[in-house]
Amino acid sequence: FVTKSDYLCNVILINKGVFFMAHGHDVLHMMEGNSYDTKEDLVKAIIAHFGADELFHTCSAEGMTASELVDFLAERGKFMPASAGFTVDSSKICNH
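Residues numbered from 1 in each chain as written. Predicted model: local features only at pLDDT ≥ 70, side-chain atom pairs only at ≥ 80, totals over all residues. Heavy atoms only, no water.

1. Observations concerning the overall build of the chain
Here is step 1 of the chain: The secondary structure content of the chain amounts to three helices and five strands.
Here is step 2 of the chain: Going through the 96 residues of the chain one by one, you find that 38% of them count as buried.
Here is step 3 of the chain: Long-range pairs, those at least 24 residues apart, make up 50% of the contacts in the chain between residues at least 6 apart in sequence.
Here is step 4 of the chain: Just so you have it, the chain exposes about 5900 Å², and 54% of that area is on carbon and sulfur atoms. (Helix = DSSP H or I, 4+ residues; strand = E, 2+ residues; numbered from the N terminus. Buried < 20%, exposed > 50% of the residue type's maximum accessible area, 1.4 Å probe, protein only. Contact = heavy atoms within 4.5 Å. Areas by Shrake-Rupley, 256 points an atom, 1.4 Å probe, with all protein chains shown as cover.)

Right under this line is the structure:
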């Protein structure tokens with residue numbers, strides 16, 4: 001059985017295969033204590049942490065690339081300005 005214990009994930013059954021997708025919360029927690037100058041910098045950090053082929057899901061969407069997830073999170077106000085660029089607004093990470 002394959003697990004990814006380094007971050008939370010859901011098992012998605014597609015065509016009788018098992019796929020793991022990291023949750024958007026995992027990215028938000030990865031961002032805590034860090035800031036990013038641009039969206040592209042954050043996308044690069046996500047890919048470095050989770051891998052280039054990782055797809056992401058949230059409570060309301062799934063199958064997003066790192067870039068699509070960043071857009072999704074930005075549209076929902078999950079980021080706030082930082083002294084250099086932006087960071088996660090920890091008060092907007094839901095805990096479920």
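On we go.
2. Quick look at the side chain of His23
Here is step 1 of the chain: Within the secondary structure layout, His23 lies in strand E2 (residues 17–23).
Here is step 2 of the chain: The class for His23 is buried, based on a relative accessible area of 12%.
Here is step 3 of the chain: At 3.0 Å, the side chain of His23 and the backbone nitrogen of His25 are in polar contact. (Polar contact = N/O pair within 3.5 Å; in protein donor to acceptor, adjacent residues only side chain to side chain.)

3. Points about the packing of helix H1 (residues 24–31) against helix H2 (residues 39–50)
Here is step 1 of the chain: In contact at an axis separation of 11 Å, H1 and H2 are set at 110 degrees when each is read in the N-to-C sense. Taken together, the axes of H1 and H2 lie roughly perpendicular to each other. In this structure, H1 contributes Asp26, Val27, Met30 and Met31 to the contact, and H2 contributes Leu42, Ala45, Ile46, His49 and Phe50.
Here is step 2 of the chain: Partitioning the contact of H1 with H2 into residue classes produces seven nonpolar, one polar and one charged. (Axes fitted to C-alpha atoms, helices over the stretch in contact; angles between N-to-C directions. Parallel < 35°, antiparallel > 145°, perpendicular 65-115°, else oblique. Nonpolar A, V, L, I, M, F, W, Y, C, P; charged D, E, K, R; others polar.)

4. Notes on the pattern of salt bridges
Here is step 1 of the chain: According to the stated counting rule, one finds two salt bridges in the structure shown.
Here is step 2 of the chain: Lys39 serves as the salt-bridge partner of Asp71, at 2.8 Å between the closest nitrogen and oxygen. In this pair, Asp71 is assigned in helix H3 (residues 66–75) and Lys39 in helix H2, connecting sequence segments 32 residues apart.
Here is step 3 of the chain: Among the residues examined, Asp71 registers a relative accessible area of 33% and is labelled partly exposed. (Salt bridge = Lys/Arg side-chain N within 4 Å of Asp/Glu carboxyl O.)

5. Considerations on the nonpolar core
Here is step 1 of the chain: If you look at the biggest cluster of nonpolar residues, it comprises 21 residues, and the most contacted ones within it are Val27, Met31, Leu42, Ile46, Phe56 and Phe79.
Here is step 2 of the chain: Within the residue set of this core, elements represented by two or more residues are H1, H2, H3 and strand E5 (86–88).
Here is step 3 of the chain: Considering every element that reaches this core, the biggest residue donor is H3, with five residues.
Here is step 4 of the chain: The residues touching Met31, leaving out its near neighbours within four places in the chain, are Tyr36, Leu42, Phe79, Phe86, Thr87 and Val88. (Core = buried A, V, L, I, M, F, W, Y, C linked by side-chain atoms within 4.5 Å.)

6. Some remarks on H1
Here is step 1 of the chain: Of all eight residues making up H1, seven are buried, and the element is well covered by its neighbours.
Here is step 2 of the chain: Those residues of H1 lying buried are Gly24, His25, Asp26, Val27, Leu28, Met30 and Met31.

7. Re the packing of H2 against H3
Here is step 1 of the chain: Between H2 and H3, the least distance of the axes is 9 Å, while the angle of their chain directions is 125 degrees. The angle between H2 and H3 falls in the class oblique. H2 and H3 meet at a crossing whose hand is right-handed. Along its contact with H2, which presents Lys39, Leu42, Val43, Ile46 and Ile47, the element H3 presents Ala66, Ser67, Val70 and Asp71.
Here is step 2 of the chain: Residue classes in the contact of H2 with H3 are distributed as six nonpolar, one polar and two charged. (Left-handed = near helix turned anticlockwise from the far one by under 90°.)

Fair warning: the whole summary comes from geometry, so function is off the table for now.
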